[in-house]
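A structural walkthrough
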Amino acid sequence: MRPLTEDETKTMFEKLSKYIGENIKLLVDRPDGTYCFRLHNDRVYYVSEKILKLATNISRDKLVSVGTCFGKFTKTQKFRLHITALDFLAPYAKFKVWVKPGAEQSFLYGNHVMKSGLGRITENTAQYQGVVVYSMADVPLGFGVAAKTTQECRRVDPMSIVVFHQADIGEFIRSEDTLT
Amino acid sequence: MGRKLDPTNKVKRGPGRKSRKQKGAETEIAKFLVDEETEPKRLSSRARKRAAKRTQPSVPAKEEAAKKQPQKGFTDENSEWLKPAKRKRPADESDGEEDSDSEWEQEEDEEGVVKGAGLEAEKADEDGEEEGEEEEEAGGDEDSDGDEEMVDDYGATDDSSEGEGDDADGEELLPIERAARKQKKLEAAMEQESDEDEEEEEEEEEGSGSEHADEEDTVQANIDEMDRFKLPDAEDREKEGLLPLDLQSIHQRIKDNVDVLSNFASKREEGKERADYLSLLKKDLSTYYSYNNFLIEKLLDIFPVSELIDFLEANEVHRPVTIRTNTLKTRRRDLAQALINRGVNLDPLGKWSKVGLVIFDSSVPIGATPEYLAGQYMLQGASSLLPVMALSPQEGESVLDMSCAPAGKTTYMAQLMRNTGVIVANDASAERLKSVVGNIHRLGVTNTVICNYDGRQFPKVMGGFDRVLLDAPCSGTGVISKDPAVKTSKDESDIQRSAHLQKELILSAIDSLNAESKTGGYLVYCTCSIMVEENEWVVDYALKKRNVKLVPTGLDFGKEGFTRFKERRFHPSLRLSRRFYPHSHNMDGFFVAKLKKFSNTVPTLPPGEPAEEETVPAETETPAPSKESPKNPGSKGKAKKPLKVKADIAKGKVATNGAVAKKVAKKPEAVLKKIKDGKKKPKVAKEGTETVKEVKAEETNEGSKFEKNMGKKRKTLMKKTNRLGKNKFKKFKKLLKKEVA
């Protein structure tokens, strides 16, 4: 476990900012204590300093996870957000998409969101903007990338994709083994 | 999803049922019309049925009728059957008919009718019976349609034939009336089943053979078979081994056997020992429920006979599915509403839990709803809520969960702590930790460190926890309904092995605790086993080896832990622990004990203490030889307890004189502290003096020789110590003080 390098921090923050914009600073400066990002087994964990101190007792090979896993660095040093980060993305998300109850299940199985399943979408969403996907009952279901701007969404036919799927909470079951 | 599924189902179901019903009514009417015209024909068909049944060997056929009821009786719907109180009824009512006010009118009717209509039949011999009964029926039909079916024994007791019987008899009744009657009959059948035996017995005593015939067929059958319960002798049993097993007769025999055992004085057969009955019962139980002998014997030690049957029956039934609301993400009311909207039928778990919900049935897979994936609830047995409630972790504490997979309890702790403080979730299996990671993230728990140590090494990694939860790996005898393989796969060595592991784990769990913690210092030990070896014994062991005491668990239900079990006597405070059983609490078998650590010092640590259990190998933790050399025998003696002496004896060759001396020199401070506490004063003092002498002796003698003699000496010493006077004690105390100074 080690702190992120400059590059890694940059890559990760760039990725995060696609979803939560400048709200990143709310993640770092929290009123309830210091939180920090740590790298362990290529994965980035977001953890309180207090817990971190305790975790240092544990040898590297025995430590499985600490705090919340945000995602992992690929071999090509790109950062990939995991669904486990959703708890921190959802409250700060700038752009949101709500899916209709009928399309919920389809999204939870890893499919893109179609226009037909689109319930609501934040105004002024740009194309390829990172969005957090909610159910109509405001339960965060995952996140993805807007395939079209809000304006375009109004016009397209029902079967066209409006949000590209990136991660959904179905992965807690589907890819339990690779979460960490 | 559920919304989609529901309508389709309804569409399919609705018309199908309806049409079927209508058809049934039509055919019934048709039958009714036809019947009047061709009554002989109908009778003959029934007679044919009878004949068919008669041709089979009489015993099994009759038993079948008797048998069907018990099996029905133990389904989940009849939860009353799972309770021991009901079970005792037949025994209480041993005098049968007179005192059974609840005897059903129907039954009385039956008898009346039978006696009236079938007098000839009474005297008819076996071959003639058939005809006689036909006559009976004919008479009954004419007399009263309503009561006739009661005469029809098959209708009254046997479900399969019931329908047809009803068709014939209940033509004039509305369907709903018939349904009501059917249910009534079912109840009656259940009742009868218990009463029948007694009736039979009485009649048998009277010795009137003619009485038999006027009973219904089923009753008759039973009379033939087992008037009064007789123990089969050795020859019979041998024969049994050769013949194919008849489970139903075995079940009947179990019931009778239990009946006799619960009223042994009055119902026993002359000249038969209780042991005879018990051995037969054991054999029958293991065949009927397919347990191995070892487990049945173990269970028989734990439960009284009648309760044992309830327990075994409860193990055949699955416990209800329960979920726990994740209060970090939602509230129970909201969750319940959301699930109800998905077509889930649920109810709050009980008064004792504010987060539990019971799922009765569901049109959607309960482990894959969007609510589940969003982490709003966790699928978790009711029993696994209990240890966490007992632990009651507070906000801001540091808590250790020693074997956490699959994190049901860990996440419950986190939600009680509202995601503050630290939880260290440990598990020995890396494979199972994957589900831990998934669940912890899914439920939005952020205060955990997940690690993969062997629990036994944990004190070396980290210590000073405010609370520790040890859900020890166990033989799983409490969750047989979940994993029936336990029935046959466990034997003595398995129990011993897990008990040994548990003892190691509980010590290391205690060592990870911080007794000085302001809010905590608590350990909750729980297992999903009901074996005494894995529960009370382990806790008792911990009480002896560490400075811990039992405290109330805070759970207001459950049975008290054993303080005495067979030849074992445990610390009296063990009644503060709680046991939960499938048959009495409708949750998995479980054991919960809450311990408080009151001192961080480890009282005594000989390298091996086989006093408890000879199979236990030497402790991993060997005490470092203390630096202060023994100044006088008194100081040595203090730390040494009689148990240890025993240990030494057992170890024999291993413990050389020197080694013993070293051990003895260990930690006089710990004992001193105790003395200051004042609580354990006399005890320690006693032990002290006792051991002082021993040590003296030890120094003079040669090692192994001494150890051989020691046993005798110890006994005599014990006596001496019993006479320890006040003066002696004071003297001894002074000595101690001096030494400390």
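Residues numbered from 1 in each chain as written. Chains lettered and ligands numbered in written order. Predicted model: local features only at pLDDT ≥ 70, side-chain atom pairs only at ≥ 80, totals over all residues. Heavy atoms only, no water.

Looking up chain B in an unreviewed UniProt entry gives the name SAM-dependent MTase RsmB/NOP-type domain-containing protein, with the organism given as Conger conger. We quote the UniProt Subcellular location (unreviewed entry) comment for chain B here in full: "Nucleus, Nucleolus". In UniProt, chain B has this text filed under Sequence similarities (unreviewed entry): "Belongs to the class I-like SAM-binding methyltransferase superfamily. RsmB/NOP family." (UniProt positions renumbered as here; feature names shortened; annotations may be inferred.)

Per an unreviewed UniProt entry, chain A carries the name 60S ribosome subunit biogenesis protein NIP7 homolog and comes from Conger conger. In its Sequence similarities (unreviewed entry) section, the UniProt record describing chain A reads: "Belongs to the NIP7 family." Here chain A is described in UniProt, under the heading Function (unreviewed entry), as follows: "Required for proper 34S pre-rRNA processing and 60S ribosome subunit assembly."

Observations regarding the environment of Ser286(B)
Residues and elements named next belong to chain B. Mapped onto the fold, Ser286 is located in helix 18 (residues 274-288). By relative accessible area, Ser286 is classed as buried at 10%. Every residue in contact with Ser286, bar those within four places of it in the chain, is listed here: Tyr291, Asn293 and Ile296. A polar contact is formed between the side chain of Ser286 and the backbone oxygen of Lys283, at a distance of 2.9 Å. (Helix = DSSP H or I, 4+ residues; strand = E, 2+ residues; numbered from the N terminus. Buried < 20%, exposed > 50% of the residue type's maximum accessible area, 1.4 Å probe, protein only. Contact = heavy atoms within 4.5 Å. Polar contact = N/O pair within 3.5 Å; in protein donor to acceptor, adjacent residues only side chain to side chain.)

Observations regarding the nonpolar core
Side chains of nonpolar character tend, in soluble globular proteins, to be buried together. Ranked by internal contacts, the top residues of the largest apolar core, which has 99 residues, are Leu16(A), Phe70(A), Leu89(A), Phe143(A), Ile169(A) and Val592(B). In contact with Val592(B), other than residues within four places in its own chain, are Leu386(B), Pro387(B), Ala390(B), Val524(B), Tyr525(B), Cys526(B), Thr553(B), Leu555(B), Ser577(B), Arg578(B) and Phe580(B). (Core = buried A, V, L, I, M, F, W, Y, C linked by side-chain atoms within 4.5 Å.)

Observations regarding the UniProt feature "binding site: S-adenosyl-L-methionine" (unreviewed entry) in chain B
Residues and elements named next belong to chain B. What UniProt calls "binding site: S-adenosyl-L-methionine" (unreviewed entry) maps, in this numbering, to Ser403, Cys404, Ala405, Pro406, Ala407, Gly408, Lys409, Asp427, Asp454 and Asp471. Looking at the secondary structure, you find Ala407 in the loop between strand 5 (398-401) and helix 24 (408-416). Setting aside its immediate chain neighbours within four residues, Ala407 contacts Met378, Val436, Asn439 and Ile440. Structurally, Gly408 is set in helix 24. Non-local contacts of Gly408, meaning those with residues more than four positions away in its chain, are made with Arg324, Met378 and Gln380.

Some remarks on the side chain of Ser577(B)
Residues and elements named next belong to chain B. Inspection of the secondary structure puts Ser577 in the loop between strand 13 (568-569) and strand 14 (578-580). A distance of 2.6 Å separates a polar atom in the side chain of Ser577 from the backbone oxygen of Leu574. In contact with Ser577, not counting residues within four places along its chain, are Lys559, Glu560, Gly561, Phe591, Val592 and Ala593.

Details of the sheet that holds strand 2 (residues 344-350) of chain B
All names here are of chain B. Read across the sheet, four strands follow the order 2-3-1-4 without closing on themselves; strand pairing throughout is antiparallel. Strand pairing shows two members of the sheet lacking a second neighbour, strand 2 and strand 4 (377-379), which therefore form its edges. Each neighbouring strand pair of the sheet contributes to a mean axis angle of 35°, computed without reference to strand direction. This element, helix 24, spans strand 1 (321-325), strand 3 (353-362) and strand 4 of the sheet and lies at about 35° to strand 1. (Pairing = 2+ DSSP bridges. Axes fitted to C-alpha atoms, helices over the stretch in contact; angles between N-to-C directions.)

Points about the sheet that holds strand 9 (residues 113-114) of chain A
Within a sheet, neighbouring strands are paired by backbone hydrogen bonds and run either parallel or antiparallel to one another. All names here are of chain A. Pairing is mixed across the open sheet formed by six strands, whose spatial order is 9-13-12-11-8-10. Only two strands of the sheet have a single neighbouring strand rather than two, namely strand 9 and strand 10 (118-121). In terms of strand pairing, strand 9 meets strand 13 (residues 161-168) through two bridges, oriented antiparallel. Counterpart to Val113 in the pairing with strand 13 is Val163. Here helix 5 (residues 101-108) sits on the sheet in contact with strand 8 (96-99), strand 9, strand 11 (130-135), strand 12 (140-146) and strand 13, set at roughly 80° to strand 12.

Concerning the UniProt feature "active site" (unreviewed entry) in chain B
Annotation from UniProt places "active site" (unreviewed entry) at Cys528(B). Tracing the backbone shows Cys528(B) in the loop between strand 9 (522-527) and helix 29 (536-545).

Details of the interface of chain B and chain A
Contacts between the two partners involve 31 residues from chain B, matched on the other side by 31 residues from chain A. Taking both sides of the interface into account, the surface hidden between chain B and chain A amounts to around 2700 Å²; carbon and sulfur atoms contribute 66%. When residues of chain B are sorted by the area they lose upon contact with chain A, Leu373(B), His441(B) and Thr446(B) head the list and together hold 23% of the total. Our count for the contact surface shared by chain B and chain A stands at two salt bridges. With its nearest N and O atoms 3.0 Å apart, the salt bridge here joins Asp87(A) to Lys329(B). Put simply, chain B and chain A have eight residue pairs in polar contact (both at pLDDT 80 or more) between them. Those elements giving two or more residues to the side of chain B that touches chain A turn out to be helix 22 (370-373), strand 6 (422-426), helix 25 (430-442) and strand 7 (448-451) of chain B. Top contributing element to the side of chain B that touches chain A by residue count: helix 25 of chain B, with seven residues. When the residues that make up the side of chain B that touches chain A are grouped by side-chain class, the tally is 15 nonpolar, eleven polar and five charged. In this sheet, strand 7 of chain B lies alongside strand 5 (residues 63-66) of chain A in antiparallel orientation, the contact comprising three bridges. (Buried area = accessible area lost by both parts, 1.4 Å probe. Salt bridge = Lys/Arg side-chain N within 4 Å of Asp/Glu carboxyl O. Nonpolar A, V, L, I, M, F, W, Y, C, P; charged D, E, K, R; others polar.)

Considering the packing of helix 28 (residues 492-512) of chain B against helix 29 of chain B
Residue and element names in this part refer to chain B. One way to put it is that helix 28 packs onto helix 29 with a least axis distance of 9 Å and a crossing angle of 40°. When the interaxial angle is binned, helix 28 and helix 29 end up oblique. Relative to helix 29, helix 28 is oriented so that their crossing is right-handed. Contacts between helix 28 and helix 29 involve Ala499, Gln502, Lys503, Ile506, Leu507 and Ile510 on the former and, on the latter, Trp537, Val538, Val539, Tyr541, Ala542 and Lys545. In terms of residue class, the contact of helix 28 with helix 29 is built from nine nonpolar, one polar and two charged. (Parallel < 35°, antiparallel > 145°, perpendicular 65-115°, else oblique. Left-handed = near helix turned anticlockwise from the far one by under 90°.)

Structural notes on the packing of helix 18 of chain B against helix 19 (residues 293-302) of chain B
Residue and element names in this part refer to chain B. Where helix 18 meets helix 19, the closest approach of the two axes is 9 Å, and the angle between their N-to-C directions is 125°. When the axis of helix 18 is compared with that of helix 19, the two are oblique. Crossing of helix 18 over helix 19 shows right-handed handedness. Along its contact with helix 18, which presents Leu278, Lys282, Leu285 and Ser286, the element helix 19 presents Asn293, Ile296, Glu297 and Leu300. Looking at side-chain class alone, the contact of helix 18 with helix 19 contains four nonpolar, two polar and two charged residues.

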